[in-house]
Amino acid sequence: MSNEFAGKTAIISGAAGGIGFALAEALAKQGMNIVMGDIDNMALTESGGALREQGFDVLTCALDVTDYSQWEDIVASAKEKFGKVHMVVNNAGVGGSPGKVEDAEHETWRWVMDVNVMGVLYGAQACVPAIKEHGEGGWVLNVASMAGMMGMPYAGAYCASKAAVVSMTESWMAELKPFGIHTSVLCPAFVKTRIHESYRNRQQKYAVAAEKRIDKEKLKAGAQAATKAVESGIPATMLAERVVEALQSEQTYIYTHPNYRKVTSGRFKAIDSAFEDAEQSAVVGHLINDEIVTF
Ligand SMILES: NC(=O)c1ccc[n+]([C@@H]2O[C@H](COP(=O)([O-])OP(=O)(O)OC[C@H]3O[C@@H](n4cnc5c(N)ncnc54)[C@H](O)[C@@H]3O)[C@@H](O)[C@H]2O)c1
């Protein structure tokens, strides 16, 4: 098989199920060597087996993305088996639980931020040197969400974490380009997976003391709405095909739900038009012709 992916190696976090598994399968079909990492060992064994049954030579590794040393281990294992690393897919993510700002459980926010944000940083930090070292270039694909492009009531932790992933990706795009590393961010709306059951993989270190837990009844309506939305989502296999198509044409923002354009355009319009207020301001309006300072 001859294409830009064939014979190259991808490390995918959260690859035991959902979007991660679909991406692993789609990239394996493109001829990539696949290294699957996940915190859920049983699911990982099963999904690794499913790809091997299709004839793909995949490596499965225990990986909790919140533990940097496990990222170092997976990169070492990938290099030992396949020689080089070309792609990291920072896919592992958790939904947290929706709730009012005044009810926020600090441990839940830390869990969401550690998995969804620090996990992405650690993945890039561990894999980028391995991609740079062979000089052949590669890919960093970060899985954010439409939730990273807009705030949603009762979902502050998830939206903030995904907005961070969008921002981190935008920062790395220019930084990694000179090394031939294409950096992109995937922003899906709903996809039919088990994201609404993320608590199944919540580590003990983020447990909430019983007396601090939000009353489950308060969360019920939000949880039911989230389940309904996820179950109405597109199949993960469709998303994976879309990602392959987008990577082939080096797209940087990868959308899977074109019908959500009105969400981002409404938000960007509001952000942009707020500058008109600043331009009219008696205090700062005179700065309009000043230079833009960046570093
Ligand atoms: N499903 C959706 O509607 C949707 C929409 C937008 C973005 N996303 C994002 O897609 C990504 C994949 O989610 P999904 O929908 O496939 O959910 P999922 O729950 O079906 O799969 C997530 C996978 O990540 C693994 N995981 C969880 N915590 C981990 C950790 N600490 N370390 C390593 N692996 C861990 C799980 O075991 C699971 O295999 C997430 O980043 C999610 O935020 C999902």
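Here the structure is shown first, and the text comes after it.
No experiment lies behind these values; they were computed from the predicted model shown. (Residues numbered from 1 in each chain as written. Predicted model: local features only at pLDDT ≥ 70, side-chain atom pairs only at ≥ 80, totals over all residues. Heavy atoms only, no water.)

### Points about the pairing of strand S4 (residues 87–90)
Each regular strand displays side chains that alternate between the two surfaces of the sheet. Side chains of S4 alternate between two faces, with Met 87 and Val 89 and Val 88 and Asn 90 buried alike. With 3 bridges connecting them, strand S1 (residues 9–13) and S4 associate as parallel partners. Paired with Ala 10 across the strands is Met 87, a residue of S4. Across 4 bridges, the pairing between S4 and strand S5 (residues 138–143) is parallel. Residue Asn 90 lies in a different strand from S5, and its bridge partner there is Asn 142. Traced from S4 through helix H4 (residues 106–134) to S5, the parallel crossover comes out right-handed. (Buried < 20%, exposed > 50% of the residue type's maximum accessible area, 1.4 Å probe, protein only. Helix = DSSP H or I, 4+ residues; strand = E, 2+ residues; numbered from the N terminus. Pairing = 2+ DSSP bridges. Right-handed = clockwise from strand over helix to strand, strands pointing away.)

### Looking at the side chain of Ser 198
With respect to the helices and strands, the residue Ser 198 is situated in the loop between strand S6 (181–187) and helix H6 (216–231). Ser 198 sits in the buried class, given a relative accessible area of 5%. Of the polar contacts made by the side chain of Ser 198, one reaches the backbone nitrogen of Gly 95; its length is 3.0 Å. What Ser 198 contacts, discounting residues up to four positions off in sequence, is Gly 93, Val 94, Gly 95 and Trp 111. (Polar contact = N/O pair within 3.5 Å; in protein donor to acceptor, adjacent residues only side chain to side chain. Contact = heavy atoms within 4.5 Å.)

### Structural notes on the site of the ligand
For the ligand, the set of nearby residues contains 31 residues, the closest of which are Asp 38, Asn 91, Tyr 158, Val 191 and Thr 193. Take Val 191: an N or O atom from its main chain is 2.8 Å from an oxygen atom of the ligand. Measuring from an oxygen atom of the ligand, one finds a backbone N or O atom of Arg 194 at 2.9 Å. Look at the ligand: alone it shows 830 Å² of surface, and the protein chains cover 98% of it. Secondary-structure elements contributing two or more residues to the shell around the ligand are helix H1 (18–29) and helix H5 (156–176). Grouping the constituent residues of the shell around the ligand by class yields 16 nonpolar, 9 polar and 6 charged. (Near = heavy atom within 4 Å. Areas by Shrake-Rupley, 256 points an atom, 1.4 Å probe, with all protein chains shown as cover. Nonpolar A, V, L, I, M, F, W, Y, C, P; charged D, E, K, R; others polar.)

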